[in-house]
Amino acid sequence: MAKRPSKHLRVPRPLSTGAFARMEAKADGEWMVQTMPADGSTKTYTCPGCSQPVAVGAAHVVTWPRVASIGSTSTVEERRHWHTTCWQRRR
Ligand SMILES: [Zn+2]
């Protein structure tokens, strides 16, 4: 493990993984992105990026629009599970 130079003091985050979602701007709008740890997945999802399954036990990301789409009552319904790499490739 290499030591990182500490230019800035970093505030340590609480260890409750997945409690925080970050916002990412993509070509079609702003998305909330939450990282799911490997032990956080209990079922198989289909990745919208490559149509391949996101395996149980695989770390991945969950995304949902920051603002619900027209006709949608809740952004929770719009949650999608992506392979981390597929999401990063998305524009
Ligand atoms: Zn994928």
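One can find the structure itself at the top, above this paragraph.
Residue numbers run consecutively from 1 along every chain, following the written order of its sequence. In keeping with the predicted nature of the model, local features appear solely for residues at pLDDT of at least 70, side-chain atom pairs appear and are counted solely at 80 or more, and the whole-chain, interface and lining totals rest on all residues.

### Quick word on the environment of T75
- Mapped onto the secondary structure, T75 falls in the loop between β5 (60-65) and β6 (80-82).
- Field definition: a residue is buried when 20 or more other C-beta atoms are found within 10 Å of its C-beta, exposed when 12 or fewer are, and partly exposed for counts in between, with C-beta atoms placed from the backbone. Of the residues examined, T75 has 16 C-beta atoms within 10 Å and is grouped as partly exposed.
- Distance from T75 to W64, taken between C-alpha atoms, is 6.1 Å for residues 11 residues apart in sequence. Where helices and strands are cited, they refer to DSSP runs of H or I of at least four residues and of E of at least two residues respectively, numbered from the N terminus.

### Structural notes on the sheet that holds strand β1 (residues 22-26)
- What the four strands build is an open sheet, ordered β1-β2-β5-β6; its pairing is antiparallel. Of all the strands in the sheet, the pair left with one neighbour each is β1 and β6. Between one strand and the next, the sheet's axes are offset by a mean angle of 35°, whatever the strand orientation.
- When DSSP finds two or more bridges between a pair of strands, those strands are recorded as paired. Sheet analysis places strand β2 (residues 29-36) next to β5, joined by six bridges and oriented antiparallel. Residue pairing in the sheet places Q34 in a bridge with V62 of β5. Helix axes are fitted to C-alpha atoms over the stretch in contact, other axes to C-alpha atoms as well, and angles between N-to-C directions run from 0 to 180 degrees.

### Notes on the pairing of β1
- Of all five residues making up β1, only zero are buried, and the element is barely covered by its neighbours.
- Direction of pairing for β1 relative to β2: antiparallel, over a ladder of five bridges. The partner of E24 across the bridge, within β2, is W31.
- A loop of two residues connects β1 with β2, the two strands running antiparallel in sequence.

### Regarding the environment of S74
- Among the structural elements, S74 can be located in the loop between β5 and β6.
- In this structure, the C-alpha to C-alpha distance between S74 and W64, residues 10 residues apart in sequence, is 9.8 Å.

### Comments concerning the nonpolar core
- Note on terminology: a nonpolar core is a set of buried residues of type Ala, Val, Leu, Ile, Met, Phe, Trp, Tyr or Cys, with members joined through C-beta atoms within 7 Å. Ranked by size, the top nonpolar core spans six residues in total: C47, V54, V61, V62, W82 and W87.
- Other than its neighbours up to four places away in sequence, W82 contacts C47, P48, G49, H60, V61, T63 and W87. Any residue pair is listed as a contact if its two C-beta atoms, each placed from the backbone, are within 7 Å.

### Observations concerning the environment of M32
- Looking at the element boundaries, M32 is found in strand β2.
- M32 sits 35 residues away from V67 along the chain, and the two C-alpha atoms are 9.2 Å apart.
- If near-sequence neighbours (up to four positions away) are discounted, M32 is found in contact with A21, M23, T63, W64 and R66.

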